[in-house]
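These are the residues of each chain, in order.
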Amino acid sequence: MLLLPLLSLLPACSSGEAPGPPAVRQVDDNRALKLPLDAYLLTTTDLDVLVRGRESLVRRCLARMGAQYAPKAPGGIATEDNERRYGLADAELAKGYGYHLPGAQKPAPEYPASIVPLVSGEATTFNGAPVPEGGCAGEARRELHEAELQQAMDIPQRLNMESYRKSQQDPAVTEVGRKWSQCMAESGHEYPDPMSAINDREFSAATPGDHEKEVALADVLCKQKVNLIGVWSKTESTYQQALIASNADVLAGHLLAKQKTMALARAAIGQ
């Protein structure tokens, strides 16, 4: 049998050149960015459902005592889960608001002064009936098992902070941060890293000025140019996957606690 030389069976790339790392996906808009640990944390959607579920239970409690009221519709604008995890990334927001948020976070429900004691538990009786311990808000939180939920969030939140810190110090992220800094310098703005720009105390005024808007827009455009969000989110996702794998058993229990509360909250609002 004719034996073929071993080298003829090797792929063409074996001539001394190692294949390069897989390409990093370009990410310019991080409003829809999802990270592995999000499943164990309370997302923006989760928080909205939880607040509405709690409010529904509070209203039922008040109605049971004969203290009905019409709640005000919540206002304001809530940011998405990871929208500013790596700094500002929206050019239109940068042009209009600089680093400022375009609206306040959704406020807590406002109750008429006459029923605040029933909600908070300051009153012990109403119309001859006992007020639940901790008021209607306390009752609602107990029904939703929020104390257990808060305890269940401790480890995921700690891991979330750990993955951010580790990724921030990763060579891939520091290198893309260096490229971002160089890009900013070319635009006339000296910042060592993206977080130093968004946290610049010069931009802490109540309203954004023209210089802030200029810096914010340059920041966003430089992020896009060097794909900072794509590199950083991919790097952090790798850290989060490793943390999830090494804490799988404990996270499973914490996830069940979250799922229990969220199911109760959805039921409370008829979902």
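Residues numbered from 1 in each chain as written. Predicted model: local features only at pLDDT ≥ 70, side-chain atom pairs only at ≥ 80, totals over all residues. Heavy atoms only, no water.

## Examining the state of the cysteines
What is meant by a disulfide is a covalent connection between two cysteines, made through their sulfur atoms. Stated precisely, the cut-off is as follows: Disulfide: a pair of cysteine sulfur atoms within 2.5 Å of each other. Numbering goes from the N terminus for both helices and strands, where a helix is a DSSP run of H or I of at least four residues and a strand is a run of E of at least two. Residue burial is assigned from relative accessible area. The probe radius is 1.4 Å, only protein chains are included, and a residue is buried under 20% of its type maximum, exposed over 50%, and partly exposed in between.
Under the criterion given, the structure shown has two disulfides. A disulfide bridge connects Cys61 with Cys136, and the sulfur atoms are separated by 2.1 Å. Because the torsion about its S-S bond is -70 degrees, the bridge between Cys61 and Cys136 counts as left-handed. Taken as a pair, Cys61 in helix H1 (residues 44–64) and Cys136 in helix H4 (residues 135–143) lie far apart in primary sequence, 75 residues in all. Accessibility classification places Cys61 together with Cys136 in one group, the buried group. Disulfide partner of Cys183: Cys222, at an S-S distance of 2.1 Å.

## A short note on the packing of aromatic side chains
So the rule is basically this: Two rings belonging to Phe, Tyr or Trp (six-membered ring only in the last case) form a pair when the distance between their centres is within 6.5 Å. Interplanar angles under 30 degrees mark stacking, angles over 60 mark edge-to-face geometry, and anything in between is tilted.
Under the criterion given, the structure shown has four aromatic pairs. An aromatic cluster of at least three residues, connected via ring pairs, comprises Tyr86, Tyr164 and Trp232.

## Quick look at helix H8 (residues 210–226)
The test is simple: What a helix is expected to span follows from its residue count: subtract one and scale by 1.5 Å. The contact criterion used is simple: two residues touch if any of their non-hydrogen atoms lie within 4.5 Å.
For H8, with 17 residues, the first-to-last C-alpha span of 25 Å sits near the 24 Å given by 1.5 Å per residue. Among the residues of H8, those classed as buried are Glu212, Val215, Ala216, Ala218, Asp219, Val220, Cys222, Lys223 and Val226. Among the structural elements, helix H2 (91–97), helix H6 (171–186), helix H7 (194–198) and helix H9 (228–246) are those in contact with the buried residues of H8. Backbone geometry just after H8 places Asn227 at a positive phi near 60 degrees.

## Some remarks on unusual backbone geometry
Positioned with a positive phi, Asn127 is a non-glycine residue whose angle comes to about 55 degrees. Of note, Asn127 is situated in the loop between strand S1 (125–126) and strand S2 (129–130). According to the relative accessible area criterion, Asn127 is exposed, its value standing at 63%. A positive phi angle, near 55 degrees, is found at His145, a position not held by glycine.

## Description of the environment of Val49
Locating Val49 in the fold gives a position in helix H1. C-alpha separation for the pair Val49 and Gln271, spaced 222 residues apart in sequence, amounts to 9.5 Å. Those residues within four positions of Val49 in sequence are excluded, and the remaining contacts are Met262, Ala265, Arg266, Ile269 and Gln271.

## Regarding helix H5 (residues 146–168)
Going by this rule: The angle between axes fitted to the seven residues ending at a residue and the seven residues starting there is what we call the bend at that residue.
In a regular helix each residue adds 1.5 Å, so 23 residues correspond to 33 Å; H5 covers 32 Å between its end C-alpha atoms and thus fits that length. Of all the bends in H5, the greatest, near 30 degrees, is centred on Asp154, and the proline Pro156 appears no more than four residues after it. Every buried residue of H5 is accounted for by Glu146, Leu149, Ala152, Met153, Pro156, Leu159, Asn160, Glu162, Ser163, Tyr164 and Ser167. In this structure, the buried side of H5 is in contact with H1, H4, H6, H7, H9 and helix H10 (248–268).

## Brief notes about the packing of H1 against H4
The following threshold applies: Interaxial angles span 0 to 180 degrees and are taken between N-to-C directions of axes, which are lines fitted to C-alpha atoms, for helices over the stretch in contact. Here the word oblique covers every angle except those under 35 degrees (roughly parallel), over 145 (roughly antiparallel) and from 65 to 115 (roughly perpendicular). Each helix crossing is assigned a hand: it is left-handed if the near helix lies turned anticlockwise from the far helix by less than a right angle, otherwise right-handed if that turn is clockwise. Any residue outside Ala, Val, Leu, Ile, Met, Phe, Trp, Tyr, Cys, Pro, Asp, Glu, Lys and Arg is labelled polar, Gly included; the first ten of those are nonpolar and the last four are charged.
The geometry of H1 relative to H4 is characterised by a closest axis approach of 8 Å and an angle of 130 degrees between their N-to-C directions. One element, H1, and the other, H4, form an angle in the oblique class. As for how H1 packs across H4, the hand of that crossing is right-handed. Residues Arg54, Leu57, Val58, Cys61, Leu62 and Arg64 of H1 touch H4, and the partners they reach there are Cys136, Ala137, Glu139, Ala140, Arg141 and Glu143. Its residues assigned to classes, the contact of H1 with H4 comprises seven nonpolar, no polar and five charged.

## A look at the confidence of the model for the chain
Our working definition: Every residue gets a pLDDT, meaning the predictor's confidence in that residue, from 0 to 100.
Mean pLDDT for the chain: 88, with 87% of residues reaching 70 or above. Per-element mean pLDDT across the chain ranges from 90 in S2 up to 98 in H6. Ignoring residues within four places in sequence, the model shows residues 1–20, a span with pLDDT below 50, making one contact including any to other chains.

## Regarding the pattern of salt bridges
The criterion, for reference: By convention in these notes, a salt bridge is any Lys or Arg side-chain nitrogen within 4 Å of a carboxyl oxygen on Asp or Glu.
In the structure shown here, the tally under the stated rule is 13 salt bridges. For Lys34, the salt bridge is made with Asp81, and the minimal N-O distance between the two is 3.3 Å. Of the two residues, Lys34 sits in the segment before H1 while Asp81 sits in the loop between H1 and H2, which places them 47 residues apart along the sequence. For Lys34, a relative accessible area of 54% puts it in the exposed group. The exposure class of Asp81 is partly exposed, given its relative accessible area of 26%.

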